[in-house]
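# A structural walkthrough
The residues making up each chain are set out below.
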Amino acid sequence: MKKRNTFSLYLIALATGIILLAILVGWIYRDVKNSSIEIGADQTIDITPEQIKSIKAIGEWEFLSISDEEMVDTIRKGIFSDDHLVRIYYGTMRLGINLKQVEPGWIVTRGDTISVTLPPIGLLDRDFIDEARTKSFYESGSWEAKDREALLKRAYHRMLRRGLTPQNLQSARENGDAQVRQVLRSMGFQKISIKYKD
């Protein structure tokens, strides 16, 4: 008789456990069904300090190279004859930016957009005449170092006038935009805004 009562109590306890489990599962299912679960991708991309350092480490970033040659001459009048000095100068002007000149807050991310403010485009190296390639085209009479220096300055200013034109600066800017966008796209950015300081 005791065995039967023990077995009956065991069955009642088991049935009660199954009923409670069924109620619990039903309750959880109802809550899950009534609640909304949203799964989405985080569209924000953060640029890391390491990435900013790697961009700044580029330093001088060349966008356009302009090769030029100038023939410059001078004449010194004499009593019996004139002295002539004609020299040919070669130079390569490199237009671009120096990333060491960026100001605080030059790179900002908002969501999936990155905004970059770059230094102005300009001449990267002011010593662009290759004096080793300079040739004396014609020379008569005796000339001093200061005469040759004066010719060099004239050639320098002519090259600057010919090289730093609005068209060349615009070409450098377009090349710069393409190069900067390529670097930022490789970091995962698709919406890119680029400005240059004046």
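Residues numbered from 1 in each chain as written. Predicted model: local features only at pLDDT ≥ 70, side-chain atom pairs only at ≥ 80, totals over all residues. Heavy atoms only, no water.

Across its full length, the protein holds four helices and seven strands. Helices and strands appear in the protein in the N-to-C order α-α-β-β-β-β-β-β-α-α-β. In the protein, buried positions account for 29% of the 198 residues. Contacts in the protein between residues far apart in sequence, at least 24 positions, make up 79% of those at least 6 positions apart. Of the roughly 14,000 Å² of accessible surface on the protein, a fraction of 55% belongs to carbon and sulfur atoms. (Helix = DSSP H or I, 4+ residues; strand = E, 2+ residues; numbered from the N terminus. Buried < 20%, exposed > 50% of the residue type's maximum accessible area, 1.4 Å probe, protein only. Contact = heavy atoms within 4.5 Å. Areas by Shrake-Rupley, 256 points an atom, 1.4 Å probe, with all protein chains shown as cover.)

On to the pattern of salt bridges, then. Evaluated as defined, the whole model comprises nine salt bridges. Between Glu70 and Arg158 there is a salt bridge; the shortest N-O distance is 3.8 Å. Residue Glu70 is located in strand β1 (residues 60–76), and its partner Arg158 is located in helix α3 (residues 145–163); the two are separated by 88 residues in the primary sequence. We classify Glu70 as buried; its relative accessible area is 7%. If you follow the salt bridges from partner to partner, you end up with Asp68, Glu70, Arg158 and Arg162 in one network. (Salt bridge = Lys/Arg side-chain N within 4 Å of Asp/Glu carboxyl O.)

Moving on, we get to the environment of Gly122. The residue Gly122 is located in strand β5 (residues 122–123) in this model. Considering only alpha carbons, one finds Gly122 and Leu169, 47 residues apart in sequence, at a separation of 7.8 Å. With near-sequence residues (within four places) excluded, Gly122 lies in contact with Arg94, Leu95 and Gly96.

Everything listed here is a matter of geometry and, on its own, says nothing about what the molecule does.
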